[in-house]
Amino acid sequence: MVNPALRSAIDAMSVDERLELVEYIESTVEASPISVSEEQKAAIRSRAAELAADPSNGLTREELDARIGERWK
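Residues numbered from 1 in each chain as written. Predicted model: local features only at pLDDT ≥ 70, side-chain atom pairs only at ≥ 80, totals over all residues. Heavy atoms only, no water.

### Looking at the pattern of salt bridges
Working step 1: Under the definition given, this model contains two salt bridges.
Working step 2: Note that Lys 41 is salt-bridged to Glu 38, the shortest N-O span being 3.5 Å. Taken together, the residues span about one helical turn, with Lys 41 and Glu 38 both in helix 3 (residues 38-53) at a distance of three residues.
Working step 3: Residue Asp 65 is joined to Arg 61 by a salt bridge in which the shortest nitrogen-to-oxygen separation is 3.2 Å. You can see Asp 65 and its partner Arg 61 sitting in helix 4 (residues 61-71), four residues apart, about one turn around the helix.
Working step 4: Residue classification places Asp 65 among the partly exposed positions, given a relative accessible area of 39%. (Salt bridge = Lys/Arg side-chain N within 4 Å of Asp/Glu carboxyl O. Helix = DSSP H or I, 4+ residues; strand = E, 2+ residues; numbered from the N terminus. Buried < 20%, exposed > 50% of the residue type's maximum accessible area, 1.4 Å probe, protein only.)

See the structure below:
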């Protein structure tokens, strides 16, 4: 849950400032090891197998880019 004061500060930022913040947050996450439980690993393997069996379950890169682009309009 995001602190309401932090959320308000983020809402007041420009798009460029938000992108800079995202880059900073990503850099801190990449530096930290992320542990994945066996249950999460099993879910990932299951979803990968479903996608391999039926590629129409997923999105192409172009479809993904289009959906992400729609959110920023």
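### Side note on the environment of Asn 57
Working step 1: Positionally, Asn 57 belongs in the loop between helix 3 and helix 4.
Working step 2: The spacing of Asn 57 and Ala 9 is 48 residues in sequence and 38 Å in space, taken between C-alpha atoms.
Working step 3: Polar side-chain contacts of Asn 57 include one of 3.4 Å to the backbone oxygen of Glu 50. (Polar contact = N/O pair within 3.5 Å; in protein donor to acceptor, adjacent residues only side chain to side chain.)

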